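# Tertiary structure, described
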Amino acid sequence: MAFSSPRFLIFLVLLLLVLHLVPGRDTKKRLLALASCLFYAAWDWRCLGLLLLVSAIDYTAAWKIYQSESSKVRRLWLWTNLGSNLGILSYFKYTNFFLENSAGLLREFGLDAPVLRLVLPAGISFYTFKAMSYTIDVYRRELAPCGSWLDYATFMTFFPELIAGPIVRASVFLPQLAREIGPTVYRLKEGFNLFLLGLVKKLLVADQMAVIADAVFDSPGVWSSLTVWCGLAAYALQIYCDFSGYSDMAIGTAKMIGYDLPENFNMPYAAASITDFWRRWHMTLSQWLRDYLYIPLGGNRGSQLQTYRNLMVTMLLGGLWHGASWNFVLWGGLHGIALVWHKLWVDATKGRMIIPHWAGWVLTLSFVTLCWVPFRSTSWESTRVIFGKLFFIGNARGVEWYPTWLGIYGAVALAAHLIGVRVISSRRGSVEAKPLGRICETLGCVLVGNAMTGPWISIGKVTVAGVFVIALIMLLVFLLAPMNSNPFIYFQF
Amino acid sequence: MKVISVQQARERRSSEGVYFRRTWGTLLRIALGLALALTSGELLCRQLFFSPSVFDRQEGWVFAPGATVVCRTEGAAKGHWDEQGVRRSVSSGGLNGRPILVLGDSFTEAIQVDDAAVYTAQVEQIISRAGIPRRVLNVAKSGNSLADYVANAARYRQMFDPIWTVVQIGDLDCGREAWDENGPSFMMDPIEKSVGTKEASYVDPRDRGLLRALGYEASIRSALFAYSIKRWQNLKEWWLTEPPMFNATRAKLRGGITEREDYPVERELEMLVEAYSNRLTILYTTPFYSPTLSQPASEVDMRLEAFARSKRISVVWLSDMYKRMAEESVAVSGFPNSRPFKGHWNETGHKEIAKLLAAELIRIGDRDGIF
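Residues numbered from 1 in each chain as written. Chains lettered and ligands numbered in written order. Predicted model: local features only at pLDDT ≥ 70, side-chain atom pairs only at ≥ 80, totals over all residues. Heavy atoms only, no water.

What follows deals with the interface of chain B and chain A. Of the residues lining the interface, 43 residues belong to chain B; the matching set on chain A comes to 43 residues. Summing both sides of the interface, chain B and chain A together bury roughly 3700 Å²; the carbon and sulfur share of this comes to 70%. Run the count over chain B and chain A and you get 0 salt bridges. Where chain B meets chain A, there are 6 residue pairs in polar contact (both at pLDDT 80 or more). Mapped onto the side of chain B that touches chain A, the elements with two or more residues apiece are α1 (6-48) and α7 (223-240) of chain B. No other element matches α1 of chain B, which puts 14 residues into the side of chain B that touches chain A. Taken together, the residues of the side of chain B that touches chain A break down into 25 nonpolar, 12 polar and 6 charged. (Contact = heavy atoms within 4.5 Å. Buried area = accessible area lost by both parts, 1.4 Å probe. Salt bridge = Lys/Arg side-chain N within 4 Å of Asp/Glu carboxyl O. Polar contact = N/O pair within 3.5 Å; in protein donor to acceptor, adjacent residues only side chain to side chain. Helix = DSSP H or I, 4+ residues; strand = E, 2+ residues; numbered from the N terminus. Nonpolar A, V, L, I, M, F, W, Y, C, P; charged D, E, K, R; others polar.)

And the structure:
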């Protein structure tokens, strides 16, 4: 069930009602775990078994690691667990990629590369990383293993973040299991605001931009160069609003239930350097890669060359995590090169601001936007054609299309960015705000802001402006949203 | 019984009064906020999509007499319709005699383009300059199919007395859509094994109870209400196409229409030709081409071609024009706020179609001398 579908909304309302009516913390947790399993099985019931298997392996391995005093045994259990998690992920996600790339070699021996008809279990990349972080934290003695299989199952199957993150660590989630869950007025208000914000981003912005981006990327050779630029800009807006919109809906849903999930985005398109971008974009993934890949590889503790190597390896694997395609590896590699280059730059300039902040912003946004080309393209050929069109190499002519919606959303995004950055930077953590300020904040938050700006309606007080904003947004979603099943982009990873 | 002091009683009455004021205050704020949102929504809908419609017992929902239709969801245009349901002419005058009637569906209704841009208005101008000063009446209605044109032929003759008729159809108009019982449709007589037409059984919403009657009144007065009804239909269709539970990875679209194996296309076309006394031109819209799509000719396309050749029926084929424009990378359909080569004809498409249709009418005029 996609979060933006009517079926999910009914599921959520029923779940909240049940959690409200049913007494007992443990009973609520069991019901939540059951609902999460039902949610996941709604995609494909076969995949639920795999999720539970992975959970059982991790739960057992963590306890074995914790109980053993021998470092050899502990390490053995850790590597067994990591091997099983990565093995399962690799089998479902990378087998065909490996076979396709080996096809040439196999043909030399007169063999045909087989093609396995594998279903990619939804969310496998996300829950695999979640599971690995748990066992690694237990191994590092940063976390005690979960005492209850029910609690661990609740953590692993928790549906709001199961399919497409945020990647929640056990150290963040497990302590929250001690609290009483279920909707309260406060949780509903906070959660609903975030959920609505995400829904707006997804239905009103991302899905509208998808029409443009899909048309351009699916047949890049057809369009003129300027139209391809429009398609790229549309995709940049689409992927941000789609993914951050999903994250907002996930965090909002979790809040309504009673759990707090970490933020995943912090105005990434406001970044003035590539390093800053990766501190703001898909934060839970970049933090995971930093803590479980980059630092274990050595981080920046070795020589400069070793640091750059570690950065490149992290980014290349990060790219590959997104999908079994050389396009994703290219995307990761480009970002890796940019990060290395930025590190060189900072070292050479000793951290001084040589270029103005706005220039850094323009350069970063331009680079990030161009890197979306391999990320979105369907093939190498398509990537080549698009880059050719973007830089007016070869045939720049084609069908001219200057989408109205892109112009509107682009202008609103720029205005919202300027307003949002001002409002957010001037706030002193205050919950209350004047109606106009709140509307500006909402506008800023919708496209480039994030959920950290607090509730729209102040707690305990209903205002005309607040009701107007919420009612108008819901009306706009109903009137303008494309009424079709447009899956979230990150569901495919 | 608990006894309270006078002071306590006063305090309780005071707090109850405060609670009462707070509750009503909150409700009033909610009502005001909602009213503002609904008003904004109404203003937005009137700018975005507003088609003042009324219910006609013979034709179902039609544009209200003298209606101005606003469409900015696809294209950006305002169209005008007169009391007889004819798209307003942009000619300055001097057109007399029996008119040329143009029938069609949403493609000819063309709410996405202004009155002057519709191909019927342009045909009127072109043939007038070529010495055929006849009015070209556009009575197209969205959702029409071949069955509608056959069923309404007598009524159109009585209302407009056309000298010639142009009928815009595509392959689906001869097939599935012409057998859809939600409007006038073809039907197969099981005993005679012949094809006949069946009148639509339109039920006036005002006769379906108080709630429907109130809904009717709201929909003809409020753009927001009318557009919301349309969106509600879209939402129901979306619900039907959601992937099946527990099997989304092997999803098939649910719903859909059961196709007959074979439509009596030739008999349908014969009925059309007879209904208009063989004084008609078919404006045929499929197969469609775009830079990314080369749609092969369907069975209906080929059967129409064979029929038209054998009966010497005037047909304007658009497929060559589509191909040519696709090769020149010019979109004949789609708008900046939709997508090129998808949806309805844009201004360029209407202009090209007008040229082709006008040329055919001039050729017929020269050949038969009827205009």
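Let us keep going from here.
Now for helix α11 (residues 283-297) of chain A. Residues spaced three or four apart along an α-helix face the same direction, because each turn holds 3.6 residues. Residue and element names in this part refer to chain A. Counted at 1.5 Å a residue, the expected span for α11 with its 15 residues is 21 Å, and the 20 Å between its end C-alpha atoms agrees. Largest kink in α11: about 40°, centred on Arg-290. Within α11, burial applies to Met-283, Thr-284, Leu-285, Ser-286, Trp-288, Leu-289, Asp-291, Tyr-292, Leu-293 and Tyr-294. Buried residues in α11 make contact with α5 (124-139), α10 (274-280) and α12 (304-322). Phi turns positive, to about 130°, at Gly-298, one or two residues after α11. (Expected span 1.5 Å × (residues − 1). Bend = angle between axes of the 7 residues up to and from the residue. Buried < 20%, exposed > 50% of the residue type's maximum accessible area, 1.4 Å probe, protein only.)

What follows is about the state of the cysteines. Enumeration according to the criterion identifies 0 disulfides over all chains in this entry. Considering cysteine sulfurs only, Cys-241 of chain A is the nearest to Cys-230 of chain A, which forms no disulfide, with 17 Å between them. (Disulfide = S-S within 2.5 Å.)

Moving on: the environment of Ser-277 of chain B. Residues and elements named next belong to chain B. Counting through the fold element by element, Ser-277 comes out in the loop between α8 (265-275) and β11 (280-284). Of the residues examined, Ser-277 reaches a relative accessible area of 47% and is grouped as partly exposed. As a C-alpha pair, Ser-277 and Ala-153 span 124 residues in sequence and 9.9 Å in three-dimensional space.

Once that is clear, we can look at unusual backbone geometry. Cis rather than trans, the peptide bond between Gly-165 of chain A and Pro-166 of chain A has omega equal to 0°. Relative to the assigned elements, Pro-166 of chain A resides in the loop between α6 (149-157) and α7 (170-173). Cis geometry marks the peptide bond from Thr-286 of chain B to Pro-287 of chain B; its omega dihedral reads -5°. Topologically, Pro-287 of chain B is positioned in the loop between β11 and β12 (289-290). For Arg-141 of chain A, which is not glycine, the phi dihedral falls at a positive 60°. With respect to the helices and strands, Arg-141 of chain A occurs in the loop between α5 and α6. At Phe-341 of chain B, a residue that is not glycine, the phi angle is positive and equals roughly 65°. With respect to the helices, strands and loops of the structure, Phe-341 of chain B is situated in the loop between α10 (319-327) and α11 (347-368). Owing to a relative accessible area of 10%, Phe-341 of chain B belongs among the buried residues under this scheme.

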